[in-house]
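Letter by letter, the chains look like this.
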Amino acid sequence: MRAAIALLRPFTLLAPVVGTLCAAGVAAAALDRPWATASLLFACLSAAAATGASNVWNQVFDADIDRRNKPHRPIPSGLVGVSAAKSYGHALALLALVAGYFASPSFLACVAVGLLGTWIYSAPPLRTKRSTY
């Protein structure tokens, strides 16, 4: 459980949840509609899970770098294996997509594009992260 929480990096989940809440508030005010509470809760869960998937995938694909620079993280320290961490990231991505589906079709589309972008940035064979530093 400790490794799962450390891989998730929970402190990074606050910003996407707050951003989702703020965007929903602006949209509700602009459209002069009440907040759709259930959709909003699913959207916040989706945003947090997508960010968690991104965090986990980043650690999976940066395991060699983290062994040198951040050996205390769960994968380099041996708390969790790369394969298990990758599965965890996939499960979080699936949760993000399912929750996004229940939020709204347009939110699901945004989450799907974000997850794809994260994968392209972090994972081989494209791993565009290599060309950004």
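Residues numbered from 1 in each chain as written. Predicted model: local features only at pLDDT ≥ 70, side-chain atom pairs only at ≥ 80, totals over all residues. Heavy atoms only, no water.

Enquirer: Teacher, can you tell me more about the pattern of salt bridges here?
Expert: Two side chains carrying opposite charge are able to pair once their charged atoms lie near each other. Counted under the stated rule, the structure contains 4 salt bridges. Here D62 makes a salt bridge to R127, at a shortest N to O gap of 2.7 Å. One end of the pair, D62, is in the loop between α3 (37–61) and α4 (63–69); the other, R127, is in the segment after α6 (105–122), and 65 residues separate them in sequence. Each member of the pair, D62 as well as R127, carries the same accessibility label: buried. Here the salt bridges do not stand alone but share partners, grouping D62, R127 and K129 into one network. (Salt bridge = Lys/Arg side-chain N within 4 Å of Asp/Glu carboxyl O. Helix = DSSP H or I, 4+ residues; strand = E, 2+ residues; numbered from the N terminus. Buried < 20%, exposed > 50% of the residue type's maximum accessible area, 1.4 Å probe, protein only.)

Enquirer: Looking at this model, I keep getting lost on the side chain of D62. Mind explaining?
Expert: D62 sits in the buried class, given a relative accessible area of 5%. Here the side chain of D62 touches R127 through a polar contact of 2.7 Å, side chain to side chain. For D62, the contacting residues outside a window of four places in its chain are R127 and K129. (Polar contact = N/O pair within 3.5 Å; in protein donor to acceptor, adjacent residues only side chain to side chain. Contact = heavy atoms within 4.5 Å.)

Enquirer: Before we go on, may I ask you to explain the environment of T20 in this structure?
Expert: Assignment of secondary structure puts T20 in helix α2 (residues 14–30). Taking the C-alpha atoms as reference points, T20 and S106, separated by 86 residues in sequence, lie 13 Å from one another. In contact with T20, other than residues within four places in its own chain, are L40, A43, C44, A47 and F107. Here the side chain of T20 touches P16 through a polar contact of 2.7 Å, landing on its backbone oxygen.

Enquirer: Please clarify how the packing of helix α5 (residues 82–103) against α6 should be interpreted in this entry.
Expert: Where α5 contacts α6, the two axes come as close as 7 Å, and the packing angle between them is 160°. Considered as vectors, α5 and α6 are oriented roughly antiparallel to each other. Each of H90, A93, A96, L97, G100, Y101 and A103 in α5 lies in contact with α6, whose residues at this interface are F107, L108, V111, A112, L115 and W119. Tallied by class, the residues present in the contact of α5 with α6 amount to 11 nonpolar, 2 polar and no charged. (Axes fitted to C-alpha atoms, helices over the stretch in contact; angles between N-to-C directions. Parallel < 35°, antiparallel > 145°, perpendicular 65-115°, else oblique. Nonpolar A, V, L, I, M, F, W, Y, C, P; charged D, E, K, R; others polar.)

Enquirer: Hey, could you run me through the layout of surface pockets in this one?
Expert: Rolling a probe over the atoms, with the probe sized like a water molecule, indicates the empty space that remains. Counted as a void, the largest pocket has a volume near 390 Å³. Around the largest pocket, the lining is made up of 16 residues, and of these A24, A27, A36, S39 and L40 lie nearest the centre. Top contributing element to the lining of the largest pocket by residue count: α2, with 5 residues. In terms of residue class, the lining of the largest pocket is built from 12 nonpolar, 3 polar and 1 charged. (1 Å grid on protein atoms, 1.4 Å probe; cavity = no way out; pocket = protein on both sides within 12 Å on 5 of 7 lines; lining within 4 Å. Points joined across faces, edges and corners; volume = space filled by probe spheres on them.)

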